Amino acid sequence: MTEAPPARGRRRAPTRIERAAGRAAALHRPRVLLALLLLLALTCVMLLDGYLRAEVGDDQRVRTGASSSEVPDDILDGGPILSFPGGQAETTSVPDKTIVLTFDDGPDPTWTPKVMEVLEEYDVPGTFFVVGSMVSRYPGIVKDLVEQGNEIGVHTFTHVDLSYQSASRVTREMEQTQLALAGAAGITSTLFRAPYSSKTDAIDNYSWQVYQQLGEDGYTSVFIDTDSEDWKEPGVSKIVEGATPEDGEGASVLFHDSGGDRTQTVEALAEYIENMQAEGYTFTTVSGAMAEQQQQQQPAGADGSGAGGPAAGAPSGTGDQLQASHRTATGTTLYEGKALIAAVTVAEWTVPALSAGLVIVGVAVMGRFGLMLVLARRHYRQRNRRRFSWGPPVTRPVSVIVPAYNEKECIENTLRSLAGSTHPIEIVVVDDGSTDGTAELAEGLGLPNVRVIRQENAGKPAALNNGIRSARHDIVVMMDGDTVFEPDTVGRLVQPFADPSVGAVAGNAKVGNRSTLIGAWQHIEYVMGFNLDRRMYDLLRCMPTIPGAIGAFRREAVLQVGGMSEDTLAEDTDITIALHREGWRVVYEEHARAWTEAPRSLRQLWSQRYRWSYGTMQALWKHRRSLTDKGPSGRFGRVGMPLVVLFQIVTPVFAPLIDVFTVYSMLFVDFEAALLAWLAVLGVQLVCAAYAFRLDREKYRYLLMMPLQQFAYRQMMYLVLIHSCVTALTGGRLRWQKLKRTGEVGMPSAGTGG
């Protein structure tokens, strides 16, 4: 009976699998985007924290010895307060017998509060020129400064010499500091002091342009008359001597409340205030000094104040005058400032936490490498002893189940490799609703002991269960439809069943198409990661996964746990954990090798590993009760489960931190030290990989691709795992995804190696 051709102009309705794949793809894109956004957010948090700590964008250049030929003489010889009323530069001096205490480089969580205590004790105000990055990190201190009656000025955001910066950088430094002040204390300020500035006679042509630019923006620049030089820590007496003005003159005096040990500064400040008050000096802020100077320049009684002035030692001016430079932050500035403070708070908590996590991850990774090397060597020596035996040779026939869905490119190689087996087998091909003639091709080969069972498309677990029910023997071998066995693979794979406690055996899966770059990377991963891991898990008796490409089971054990479950996408991990919980032993047979076709493109690789990672998480969640169970189930829950979670989920999820921190350190901290650390980790990985290759008798030439693997392949695996975690956390569901095969993995001969 011939099949009628489809009507022209009508499109074929999509199958159930195609519709499910479409829905999965629709869900896939936003989760990939979310995973990338999480990584981007982490990078932004690190950059923000580095910017605050002057690791990002830091410029330590300080200009000295430049000409001042373009600076007016009356400015060079003028007072320490420079303003530009009406666009004209003018300076203001501090009135006689008046001190303006100024403090640079804060706020500091240790020293600024101590300075505040001294000022409060003597009821003296100060003017604090704060660094914006410090304000954003310690906003509460700035708020306390303002509430205590002190005046705040801008000292840039990152403490850079503005004479080296572009006009846009200058503007950005000021605006960012103003936002920090707005978020911290709800104010902005018109006062400014440039980092590394001193007296007005030190203004040069380059810095003069900066002061003019800021003057046009309404800023008043503040310099000094006397410098305590407390940053040199010369001793209390020297600090007091350096800060004392001559002959009763007024002075803008420089101290520091940050940038080092300020013990001497705090001690000297108290002594200095007492000395100055004893000499009849009063203390005020920059704005207070300007207001007092203006009053002195007016005719007597013009301000209605009458005769007399403030008492010695008391602050000059009213509270509003002392903080006249402050402006109340409103609108966008206020909300942007609060957002900045919030972002910095997040960064301040996140980066140290991530750093601690990085240390834990690093220790776990190195511990895992050490544990793998020790246990892998022990496993190899134990299983390759001349007298080692599982028991009497297993020679009885076994059933090999081959689930197949649209495997026409591979099924012939798979079946012909099985037909050459040196162990007696029956081959059960379960065609899961293929539409490409896979079943017909399998039947048409005319190979002996091959049965083809057809079923409606129901997925791989259902196909395997169908094969198990139809199997004629008590040992079943499961493999993928794109995998080929060596002639002695089945015989070697089933020997551990001589031990009646063994319920399942994991074989040694090899990448057959390793000639491409992606294939070579997967080859390294299979040998180093999967097979070296399995040696370790075998000795610890907590093997988490029997690979779908090659695994053998007691039929009795599989039926005891309910067969292959459809609850997860990783049915191989699910069944393995279930066997452990029922008390069966699962072992690794390194000499039973299978050659599988690995994904050829990054897209296919992503799809496969995404399913593996997500399926593993599903299986672990499904069997979470093993953590509190007793007996064999509890043993796996308290030994195998933590190891799998730590080494296959937690450590890989946080592993990108190693790369992000390494790049960050290379760019902004110490390139040489970061490079050496990265090379050291790579060296440890190469040692482990070389040992794994030696155990598997693989050729070392593939290890030449390992350094390149660190720059692309590994990062992709990280993103896949993060993507899987996002899917798990958002409650997503995935279906089986069929990978495109080429059938390029042919039949190997016995003993074929790397």
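Remember, predicted model here, so these are calculated numbers, not experimental data.

## Section: the overall build of the protein
Phase 1 of the analysis: Assigned secondary structure in the protein consists of 24 helices and 20 strands.
Phase 2 of the analysis: Within the protein, buried positions represent 54% of all 754 residues.
Phase 3 of the analysis: A separation of at least 24 residues holds for 82% of the contacts in the protein among residues at least 6 apart in sequence.
Phase 4 of the analysis: Summed over all atoms, the accessible surface of the protein reaches about 33,400 Å², with 54% contributed by carbon and sulfur.

## Comments concerning the nonpolar core
Phase 1 of the analysis: Of all hydrophobic cores here, the largest spans 59 residues; its most connected members are L101 and Y272.
Phase 2 of the analysis: Here the element with the most residues in this core is helix α9 (residues 263–278); it accounts for seven residues.
Phase 3 of the analysis: When residues no more than four places from it in sequence are discounted, the contact partners of Y272 are I99, L101, V240, A243, T244, P245, V253, F255 and F283.
Phase 4 of the analysis: Formed by 58 residues, the second largest nonpolar core is a distinct cluster that contains L464, I524, C542 and A619.

## Comments concerning a nonpolar patch on the surface
Phase 1 of the analysis: Together, L517, L708 and F711 make up an exposed nonpolar region whose accessible area comes to about 310 Å².
Phase 2 of the analysis: Within the element layout of this structure, L517 appears in helix α17 (residues 517–540).
Phase 3 of the analysis: Classification of L517 by relative accessible area gives partly exposed; the value is 38%.

## Topic: the environment of D659
Phase 1 of the analysis: Relative to the assigned elements, D659 resides in helix α21 (residues 631–668).
Phase 2 of the analysis: Judged by relative accessible area, D659 falls into the buried class, the value being 12%.

## Description of the packing of aromatic side chains
Phase 1 of the analysis: A complete count under the given rule lists seven aromatic pairs for this structure.
Phase 2 of the analysis: Geometrically, the ring pair formed by F84 and W208 is tilted, given 5.9 Å between the ring centres and 40 degrees between the ring planes. Here W208 lies in helix α7 (residues 205–216) and F84 lies in the loop between β1 (81–83) and β2 (90–92), a separation of 124 residues in the sequence.
Phase 3 of the analysis: Under the relative-accessibility criterion, F84 is labelled buried at 14%.

## Points about the side chain of H155
Phase 1 of the analysis: For H155, the position within the fold is in the loop between β5 (151–154) and α6 (167–185).
Phase 2 of the analysis: Take H155: its relative accessible area is 1%, and that puts it in the buried class.
Phase 3 of the analysis: There is a polar contact of 2.8 Å between the side chain of H155 and the backbone oxygen of R193.
Phase 4 of the analysis: Non-local contacts of H155, meaning those with residues more than four positions away in its chain, are made with D104, D105, F129, V130, V131, R193, A194 and P195.

## Re unusual backbone geometry
Phase 1 of the analysis: Residue P107 follows G106 across a cis peptide bond; omega there is 0 degrees.
Phase 2 of the analysis: We note that N406 has phi near 55 degrees; this positive angle belongs to a residue other than glycine.
Phase 3 of the analysis: Relative to the assigned elements, N406 resides in the loop between β13 (398–404) and α13 (411–419).
Phase 4 of the analysis: Taking the relative accessible area as the measure of exposure, N406 reaches 18% and is therefore buried.

## Some remarks on the sheet that holds strand β15 (residues 450–455)
Phase 1 of the analysis: Read across the sheet, eight strands follow the order β15-β14-β13-β16-β19-β18-β20-β17 without closing on themselves; strand pairing throughout is mixed. Each edge of the open sheet is held by one strand with a lone partner, namely β15 and β17 (483–485). Mean inter-strand twist for the sheet, computed between neighbouring axes without regard to direction, equals 30 degrees.
Phase 2 of the analysis: Here strand β18 (residues 502–511) pairs with strand β20 (residues 585–596) via eight bridges, running parallel. Each bridged residue has a counterpart across the sheet, and for V505 the counterpart in β20 is V587.
Phase 3 of the analysis: Here α13 sits on the sheet in contact with β13, β14 (425–432) and β17, set at roughly 15 degrees to β17.

## Regarding the pairing of β15
Phase 1 of the analysis: Sheet topology note: the β14/β15 ladder contains six bridges and is parallel. If you follow I427 over to β15, its bridge partner there is V450.
Phase 2 of the analysis: Handedness of the β14-helix α14 (residues 438–444)-β15 crossover: right-handed.

## Regarding the confidence of the model for the protein
Phase 1 of the analysis: Overall, the prediction assigns the protein a mean pLDDT of 85, with 87% of residues at 70 or greater.
Phase 2 of the analysis: Of the regions scoring below 50 in pLDDT, residues 23–27 engages in zero contacts with residues more than four places distant in sequence or in other chains.

## Focus on helix α3 (residues 111–121)
Spacing of three or four residues puts side chains on the same side of an α-helix, whose turn is 3.6 residues.
Phase 1 of the analysis: Within α3, burial applies to W111, T112, V115, M116, V118 and L119. One side of α3 carries all its buried residues, which in axial view fall inside an arc of 160 degrees. Looking at α3, the residues exposed on the side facing more than 90 degrees away from the buried face are E117, E120 and E121.
Phase 2 of the analysis: A positive phi of about 55 degrees marks D123, the residue just after α3.

## Considering the pairing of strand β10 (residues 251–256)
Taken residue by residue, a regular strand's side chains alternate between the two faces of the sheet.
Phase 1 of the analysis: The buried fraction of β10 amounts to six of the six residues, a majority that puts the element mostly inside the structure.
Phase 2 of the analysis: Residues A251, V253 and F255 of β10 are buried on one face, and the alternating residues S252, L254 and H256, pointing to the opposite face, are buried as well.
Phase 3 of the analysis: As defined by bridge partners, strand β3 (residues 98–106) adjoins β10 across six bridges and the pair is classed as parallel. Bridging from a neighbouring strand, F103 pairs with F255 of β10.
Phase 4 of the analysis: Where strand β9 (residues 226–227) meets β10, two bridges bridge the pair, whose relative direction is parallel. Looking at the pairing, D227 lines up with L254 of β10.
Phase 5 of the analysis: Of the crossover connections in this fold, the one passing from β9 over helix α8 (residues 236–243) to the parallel β10 is right-handed.

What counts and what doesn't
- Residues numbered from 1 in each chain as written.
- Predicted model: local features only at pLDDT ≥ 70, side-chain atom pairs only at ≥ 80, totals over all residues.
- Heavy atoms only, no water.
- Helix = DSSP H or I, 4+ residues; strand = E, 2+ residues; numbered from the N terminus.
- Buried < 20%, exposed > 50% of the residue type's maximum accessible area, 1.4 Å probe, protein only.
- Contact = heavy atoms within 4.5 Å.
- Areas by Shrake-Rupley, 256 points an atom, 1.4 Å probe, with all protein chains shown as cover.
- Core = buried A, V, L, I, M, F, W, Y, C linked by side-chain atoms within 4.5 Å.
- Patch = residues over 30% accessible without salt bridge, like charges linked within 9 Å, V, L, I, M, F, W, Y side chains within 5 Å.
- Salt bridge = Lys/Arg side-chain N within 4 Å of Asp/Glu carboxyl O.
- Phe/Tyr/Trp six-rings, centres within 6.5 Å; stacked < 30°, edge-to-face > 60°.
- Polar contact = N/O pair within 3.5 Å; in protein donor to acceptor, adjacent residues only side chain to side chain.
- Pairing = 2+ DSSP bridges.
- Axes fitted to C-alpha atoms, helices over the stretch in contact; angles between N-to-C directions.
- Right-handed = clockwise from strand over helix to strand, strands pointing away.
- pLDDT = per-residue confidence, 0-100.
- Arc of directions from axis to C-beta.

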